[in-house]
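# Structural overview for review
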Amino acid sequence: MSKNIKGINTKMLHSYPVIDSYTGAASIPKYQTSTYDQKNLYTDSQKYNYTRFKNPTVDALQRAVEILEGAEYGFVFSSGMAVISMALMLLKKGEHVIIPKEVYGGTYQMANEIIVDYGIEVSFVDYGNMQELEKTIKENTKMLYIETPSNPLLKISDIKSLVSLAKKNNILTVVDNTFMTPLYQKPLELGCDIVVESMTKFINGHSDVVAGSIATNSAEIADKIYLYQKNFGGILGVEDAWLILRGMKTLGLRMQKSVKNAELIAEFLSKHPKIKNVYYPGLKSHKNYDIHFSQATSGGAILSFELFSKDDIEKFIEKIEIPIFAVSLGGVESIISHPATMSHASLSEEERLEQGVARNLLRFSCGIEDAEDLIEDLERALSFI
Ligand SMILES: *Cc1c(COP(=O)(O)O)cnc(C)c1O
């Protein structure tokens, strides 16, 4: 491919196998096959011999992940949780991992209820407190897990400071970059070792596939990931890989519109008398606006806000018409969710409140609808409370 390509949008359409080398098809076909006819006795004499090991459609998507993340090695698995589990499974018995207190619910359960049974030590820490974080580092600490902006309060962790702390102590850093997408935040370029994304969200973008990606610049880590991918077997299906290849081609366009909508909605809500608080890193009033924009190039397309009373939530949800009310985010359609009863339902009331996830909080994932319609809808729904 031509060396003149610099822009990510051009790259997303031309810089990985987008053309089928066998037929010239302008869309990579769904190589819907589990196995491949072998020319001879030697399995290593051909690139493909079993789909759990390698498949051309899935491979094309893995190359696309490398382009998007600016990574040497990219892999896709059957969900975001599968790649997060993969990252945590790089730890061995007796090793220690530090995880933010405010972390994606599935990651919390994986760390809190599963990996501890494999003899891995876990500490949940408030990443807003660097001193506490530093004190938590021990001899056997091997991984620092980062998620920024956080879900659902959009708190920001300072990736560069965390990476420098980790490097000083010989600790691997993993970033869950789902909210920002690699278009706006590139953790590997900021010095992190591993980046994971739930492709279910913005990357696929159409609320029709569950998938995850993991990328790194380390050959050693990549070898392990490939070993796990092949033997844990949590591979992505061919049809799903194809759908994501299709969805990804418009990631740039979709994000532009969704981010614009988020900016306008955050602005609107922050001035509305019936809104108690708005959390959006693209607002100048956000506590960590400067840190966020030192590591990312956009406020993203997700915001959250609080009504004054939890008793108004039900009425508001009943009256809002355009966004779907659902778990998940990052679709072309706007999605509103109630973290206390959805993403954070597995936490106790006490744990939730400690994280600041109150019952009057709603999360809004902005789709690509017309901003005027979304704002009018919000205005109308708010008029009932
Ligand atoms: C959705 C999500 C995940 C989990 O991804 P799945 O594809 O649902 O397994 C992990 N992290 C974040 C921040 C998410 O939003």
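The following refers to the structure shown. Sequence order sets the numbering: in each chain, residues are counted from 1 along the sequence as written. Confidence filtering applies because this is a predicted model: local features only for residues at pLDDT of at least 70, side-chain atom pairs given and counted only at 80 or more, and all residues used for totals across whole chains, interfaces and linings. Only hydrogens and water are set aside when side-chain values are computed; all heavy atoms of the structure are taken into account.

## Structural notes on the site of the ligand
In the vicinity of the ligand, 15 residues are found, and the nearest of them are Met81, Asp176, Ser198, Thr200 and Lys201. Between Gly80 and the ligand, the recorded distance is 2.9 Å, taken from a backbone N or O atom to an oxygen atom. N or O atoms within 3.5 Å of each other form a polar contact, as long as, within protein, one can give a hydrogen and the other can take it, and as long as residues adjacent in sequence are counted only when both atoms are side-chain atoms. Between the ligand and the protein, one listed contact pairs an oxygen atom with a side-chain N or O atom of Thr200 at 2.6 Å. In isolation the ligand exposes 380 Å². Once the protein is present, 92% of that is buried. Strands here are runs of E lasting at least two residues and helices are runs of H or I lasting at least four, both read from the DSSP assignment and numbered beginning at the N terminus. Per element, the largest residue contribution to the shell around the ligand is three residues, and it comes from helix H3 (residues 80–88). Being near a molecule or strand, for a residue, comes down to having at least one heavy atom within 4 Å of it. Accessible areas in this description were obtained via Shrake-Rupley with a 1.4 Å probe; residue shielding takes into account the shown protein chains only.

## Regarding the packing of aromatic side chains
Two rings from Phe, Tyr or Trp (for Trp, the six-membered ring) form a pair when their centres are within 6.5 Å of each other. A pair whose planes differ by under 30 degrees is stacked, one over 60 is edge-to-face, and the rest are tilted. Tallied over the full model, the rule gives six aromatic pairs. For the pair Tyr228 and Phe232, a centre-to-centre distance of 5.3 Å together with 85 degrees between the ring planes defines the contact as edge-to-face. Separated by four residues within a single helix, Tyr228 and Phe232 lie in helix H8 (residues 219–232), roughly one turn from each other. Remark: exposure states derive from per-residue accessible area (1.4 Å probe, protein chains only) relative to the maximum for the residue type, with buried under 20%, exposed over 50%, and partly exposed in between. Its relative accessible area of 22% is what places Tyr228 among the partly exposed residues. Using a relative accessible area of 59% as the deciding quantity, one classes Phe232 as exposed. We call a charge positioned over a ring when the NZ of a Lys or the CZ of an Arg lies within 6 Å of the ring centre and within 35 degrees of the ring normal. The side chain of Lys30 reaches across the aromatic face of Trp242, ending 4.4 Å from its centre. A cation over an aromatic ring shows up here: Lys319 above the ring of Phe384, its NZ or CZ 4.4 Å from the ring centre.

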